[in-house]
Amino acid sequence: MTKIFISSNTSISKNFFLVAFELIVIAFLVLIFSACSTEPLQPVAVQIASKKINYLKEVKPILEKRCVVCHSCYNAPCQLKMDAYEGISRGSSKARIYLGNRLGVQEPSRLLIDAQTTQEWRDRGFTSVTDSNATLGTNDSIMLQLLHHKMLHPESIGEYHSESNDVTCAKDTQELAKFLEKNPTQGMPFGFPALQESEYKTLQQWLAQGAPLPNAAEDAKLKAPSLNAAKEIAKFEAFFNQKDAKHIMSARYIYEHLYLAHLSFASVPNEFYELVRSKTPSPQPLEIIPSLRPYDDPMVADFYYRFRKIDGTIVHKTHMVYDLDDAKLQRYEALFITPTWQTQPFVVGYKTAYNAEPFRVFEQIPPSARYGFLLDNAEYVVRTFIRGPVCKGQIALNVINDHFWVAFMDPKYDLSLSNPAFLTSQYENLKMPIEAGSDMKLIHTFSDIYNEKAIAFDEARREAYDTAYKNGLGIDAIWKGEDASSTPLLTIYRHFDSASVHIGALGNLPKTQWVIDYPLLERIYYSLVAGFDIYGNVGHQVSIRRYMSRLRVAGETQFLNFLPKEDREELFSSWYIGAEDEVKHALSKNETAIEYRRKNSKREFVEKLVNSHFLKETSIAFDKYNYLREDERTPKLPKVFRSKHDYGLGFKSLIKAGTPFIRLVNGNNSNLAYLRIKIPEEEDVVISVIMNRWHDNVSFMFDESSRLDPSKDDLDFVEGFVGSYPNFFLVVELSDLPDFFDMIQNYDESEEYLAKFLKYGISRGDADFWEHYDWFQKRFLEQNPHEGGLFDLNRYYYRVLR
């Protein structure tokens, strides 16, 4: 009986597994058949133009207006960079740069640096988007198929996430056919209206002609500097390439801080250049040294600093302008060459073990010269780690609050300058995680070794300052600026995964503020810019983010030390709700030398700075729409709007925290809007509407949403343009402002208010979207001809609104 029972079960078991196996095989065959049954994309019939389509005159303007607005920088979908024609030739890649869990280092793929020819990019896995295998009279290139598909299916429906979906990374038309079959409304432009018929025909005919790009002669002309620029370049290259130790080390220091800059000369303000290291001197053809970091070993015995012209499209998110002229060259001489150095000048090579320690590498250059250089260029330096080198950075940026102000320690009071021995004694504590390179071992990722070094430095600094300034620091310890070009106070706005920096005190009184001295500014720059590798592994990126959290605390505590002693700890705790016991900080034990009325010391301090401390020539002032002085109350919403003063009061009435609109419109994709106010018989006005998200604390990398409090969110209204990534456009007639302000003040989710929002808001699917985008872009470039560039639309509000 037992044997029969077992035998019977075994038989049933065998039959069961056999059936299951057959079902799996059938499912697999169905899957294969389904995949194979996708209708192949038919080549697009094209009309061969009687004349050759000129890329520079006819194609490039269309690409700039409709394609480059998403396809540029590291966040270009599929790495298809269309801001330079070399990027179009390179094509696309399936490799994702923004991969948060990358265990190893990714091979870098920087356009114009890591490979020089199309074939070299093919060898690295990039595939063409312009090649066609179709017969004459038709074209099946990926680019045309996507454009054509949009013309056939122009309506945008649903949601579009260009930075998170691999929407166009098809390597061939077979893969593209499968994608478009599943996503029929996702042709190009992605989630926006189709091209105009004339634009489409121009691109169609250009692709039918083989997508010809500038020839060698045209390329040489594009890349050649103008005569005026060539004269300026010769002067600066002569300075940078002198062979004595003083010039070599000075040039190295300047280069390591300017390698991201778009350099401009006063005589030719519309030409931009980048400073690079080359294997060859001028006038030989430039051979760029493709090092990842500006302080990496160039791997050649001799190299030369060269100016390379930027001939691609200027996009605002990477356009960090640095102006050069004779006065700047004379300033370099006065800062670096004329003074006596700490020791007899000598050349520090690149084979050292401390390339990532700028305080050691450049210790012979007087710290006053180094800090003087940074303060001369304070806005640019801060901009590099706020806007670059990364074009997408929620994990990197959630280390800062959404809105804060930054001031700087005056050089006369900075002990690292007046007592260089203090800086030398702290070399070990000034080490940064960038010394581990791009491939930090995961076991070390969450080690506290570098945070502990930073904490030890903060404590040593506190002790040194308490000893040197027993009566505390006075307001004169804040740098007031040197002349009209100085930027002694900066405003930082975070827009979720991008950020921007602006001169002056924008917005209402922010929750937190920083004061930055030389050691802090240098460490922030080297950690977030010079030493950061977007292609590095997760260990590299996480360790830098954690270290930056410590640097933020240092800036905040250095600000608090200017306030009354009894206020400091309470304020600090209010910035770290839920993390009060986890964030170590080194507040001064001395009282401040500043006299306060004690009502609101934080506000009183900044009003002292702005009202009377900063040089008048710097024009630092509070902005007119948002700042409420100590005894000023939020005004009531005007009932009638007859003038700009009236709508100014309207904006000011909406800056209080927790308005219904901002409590409901609180997604990651709702941080920055541009508002156009149409005024009869006057020039229209642009206002940037900025959402400031309240964070209980910004101490932790993950689960950011759990630390948000929408009831404390607020809005800033800044005249002009803030940021590079608009999330939304709004267009309002002056006569409709009362209705618009009512929507902001009383917004709920009713159909009435939704209708109002749709009346003024421009959805990505609206037929006239490009008309509005073109207007805002044109106005931005008119107002900012030197520092303006194309906006990026990758983060325009993702949902099509109806």
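Heads up: the structure comes first, above all this text.
What counts, and at which threshold
- Residues numbered from 1 in each chain as written.
- Predicted model: local features only at pLDDT ≥ 70, side-chain atom pairs only at ≥ 80, totals over all residues.
- Heavy atoms only, no water.
- Pairing = 2+ DSSP bridges.
- Helix = DSSP H or I, 4+ residues; strand = E, 2+ residues; numbered from the N terminus.
- Axes fitted to C-alpha atoms, helices over the stretch in contact; angles between N-to-C directions.
- 1 Å grid on protein atoms, 1.4 Å probe; cavity = no way out; pocket = protein on both sides within 12 Å on 5 of 7 lines; lining within 4 Å.
- Points joined across faces, edges and corners; volume = space filled by probe spheres on them.
- Nonpolar A, V, L, I, M, F, W, Y, C, P; charged D, E, K, R; others polar.
- Buried < 20%, exposed > 50% of the residue type's maximum accessible area, 1.4 Å probe, protein only.
- Contact = heavy atoms within 4.5 Å.
- Core = buried A, V, L, I, M, F, W, Y, C linked by side-chain atoms within 4.5 Å.
- Salt bridge = Lys/Arg side-chain N within 4 Å of Asp/Glu carboxyl O.
- Phe/Tyr/Trp six-rings, centres within 6.5 Å; stacked < 30°, edge-to-face > 60°.
- Lys NZ or Arg CZ within 6 Å of the ring centre and 35° of its normal.
- Disulfide = S-S within 2.5 Å.
- Parallel < 35°, antiparallel > 145°, perpendicular 65-115°, else oblique.
- Left-handed = near helix turned anticlockwise from the far one by under 90°.
- Arc of directions from axis to C-beta.
- Polar contact = N/O pair within 3.5 Å; in protein donor to acceptor, adjacent residues only side chain to side chain.

Taken in spatial order, the four strands line up as β9-β8-β7-β10 in an open sheet, and their pairing is mixed. The open sheet has two free edges, formed respectively by β9 (499–503) and β10 (512–516), since each of these has just one partner strand. When the angles between neighbouring strand axes are averaged without regard to direction, this sheet yields 25°. Note that strand β7 (residues 403–408) and strand β8 (residues 490–494) share four bridges and pair antiparallel. Along β8, the bridge assignment pairs Val-406 with Leu-490.

With that settled, consider empty space enclosed by the protein. Per the counting criterion, the structure on display carries eight cavities of 30 Å³ or more. Its volume calculated, the second largest cavity comes out at about 110 Å³. Lining of the second largest cavity is provided by 14 residues; of these, Tyr-465, Asp-466, Leu-473, Asn-561 and Ser-588 occupy positions nearest its centre. Per-element tally for the lining of the second largest cavity: the top contributor is helix α19 (residues 449–468), with four residues. Classifying every residue of the lining of the second largest cavity gives four nonpolar, five polar and five charged.

When you tally the buried positions in helix α23 (residues 601–613), you get ten out of 13 residues, the bulk of the element. What α23 keeps buried is the set Ser-601, Lys-602, Arg-603, Glu-604, Phe-605, Val-606, Glu-607, Leu-609, Val-610 and His-613. Residues of α23 that are buried in the fold lie against β7, β10, α21 (538–560) and α22 (565–575).

Attention shifts here to the nonpolar core. Ranked by size, the top nonpolar core spans 128 residues in total, and within it Phe-240, Phe-307, Tyr-332, Phe-373, Phe-408 and Phe-605 carry the most contacts. For this core, the leading source of residues is helix α20 (residues 518–530), giving nine residues. Ignoring sequence-local partners within four residues, the contact set of Phe-240 consists of Ala-251, Ile-254, Leu-275, Tyr-305, Phe-307 and Tyr-332. Residues Leu-63, Ile-677, Phe-757 and Phe-776 belong to the second largest nonpolar core, which totals 96 residues.

With that settled, the discussion passes to the pattern of salt bridges. Going through the model one piece at a time under the given rule, you end up with 48 salt bridges. Two residues, Glu-159 and Arg-799, come together in a salt bridge whose shortest N-O distance is 3.2 Å. Of this pair, Glu-159 sits in the loop between α5 (142–152) and α6 (173–182) while Arg-799 sits in the segment after α28 (769–783), and the two are 640 residues apart along the sequence. Its relative accessible area of 38% is what places Glu-159 among the partly exposed residues. The class of Arg-799 is partly exposed, set by a relative accessible area of 33%. Here Arg-552 and Glu-556 are joined by a salt bridge, their closest N and O atoms 3.8 Å apart. Of this pair, Arg-552 and Glu-556 both sit in helix α21, four residues apart, which is roughly one turn of that helix.

Another aspect to go through is the packing of aromatic side chains. Taken as a whole, this structure holds 71 aromatic pairs when the rule is applied. Geometry around Tyr-465 places Arg-461 over its ring, the cationic atom sitting 4.0 Å from the centre. The cationic tip of Arg-676 hangs over the ring face of Trp-775; the distance from NZ or CZ to the ring centre is 3.9 Å.

Tracing the sequence through the fold places Met-151 in helix α5. Dropping the residues within four chain positions of it, Met-151 is found in contact with Ala-194, Leu-195, Glu-197 and Tyr-200.

Strand pairing in a sheet relies on backbone hydrogen bonds. The paired strands run either parallel or antiparallel. If you trace the five strands from one edge of the open sheet to the other, you get β13-β12-β11-β14-β15, paired in mixed fashion. At either margin of the open sheet sits one strand with a lone partner, and together these are β13 (714–719) and β15 (761–762). Along the sheet, α28 contacts β11 (672–678), β12 (685–692), β14 (728–733) and β15; its crossing angle with β14, the most-contacted strand, is approximately 90°.

All told, the structure shown has one disulfide when counted by the stated rule. Two residues share a disulfide in this structure: Cys-78 and Cys-169, whose sulfurs sit 2.0 Å from each other. Measuring handedness by torsion sign, the sulfur bridge of Cys-78 and Cys-169 sits at about -100° and is left-handed. Taken together, the residues span a long stretch of sequence, with Cys-78 in the loop between α2 (55–66) and α3 (85–90) and Cys-169 in the loop between α5 and α6 at a distance of 91 residues. In this structure, Cys-78 and Cys-169 share a single accessibility class: buried. A disulfide-free cysteine, Cys-70 has its sulfur positioned 8.9 Å from the sulfur of Cys-67, the nearest such atom.

Okay, the environment of Val-698 next. Note on placement: Val-698 falls in the loop between β12 and β13. On a C-alpha basis, the gap between Val-698 and Gly-531 in space is 22 Å, while along the polypeptide they are 167 residues apart. The contacts of Val-698, once residues within four sequence positions are left out, are Asn-398, Val-399, Ile-400, Asn-401, Arg-545, Ser-549 and Arg-552.

At a minimum axis distance of 10 Å, the contact between helix α13 (residues 367–376) and α20 shows a crossing angle of 65°. When the axes of α13 and α20 are compared, the pair comes out roughly perpendicular. Seen along the crossing, α13 lies across α20 with a hand that is left-handed. On α20, the residues touching Arg-370, Tyr-371 and Leu-374 of α13 are Tyr-518, Leu-521 and Glu-522. Tallied by class, residues from the contact of α13 with α20 come to four nonpolar, no polar and two charged.

Below, the discussion takes up unusual backbone geometry. Backbone torsion omega between Met-188 and Pro-189 reads 5°, so that peptide bond is classified as cis. With respect to the helices, strands and loops of the structure, Pro-189 is situated in the loop between α6 and α7 (197–208). Omega for the bond connecting Ser-282 with Pro-283 falls within 30 degrees of zero, at 5°, which places this linkage in the cis form. In this structure, Pro-283 sits in the loop between β4 (268–278) and β5 (304–309). The backbone of Met-299 sits at a positive phi, close to 65°, despite the residue not being glycine. With respect to the helices and strands, Met-299 occurs in the loop between β4 and β5. Despite not being glycine, Glu-681 shows a phi value in the positive range, around 65°. Relative to the helices and strands, Glu-681 is located in the loop between β11 and β12.

On to the pairing of β8, then. Both faces of the sheet carry side chains from a regular strand, because those side chains alternate between them. Burial of β8 is extensive: five of the five residues sit out of reach of the surface. Taking every second residue as pointing to the same face, both faces of β8 are buried, with Leu-490, Ile-492 and Arg-494 on one and Thr-491 and Tyr-493 on the other. One ladder, built from five bridges, connects β8 with β9; its direction is antiparallel. Paired with Arg-494 across the bridge in β9 is Ala-499.

What follows covers the side chain of Arg-779. With respect to the element layout, Arg-779 can be found in helix α28. Residues within four places of Arg-779 in sequence aside, it is in contact with Glu-683, Asp-684, Val-686 and Phe-721.

Another aspect to go through is α6. Listed in full, the buried residues belonging to α6 are Leu-176, Ala-177, Phe-179 and Leu-180. The buried residues of α6 occupy an angular sector of 165° when the element is viewed end-on, so they sit on one face. Summarising the geometry of α6, the exposed residues directed more than 90 degrees from the buried face are Gln-174 and Lys-182. As for α6, its buried residues are in contact with α5. The residue sitting at the N-terminus of α6 and contributing the capping side-chain oxygen is Asp-172; that oxygen lies 3.2 Å from the backbone nitrogen of Gln-174.

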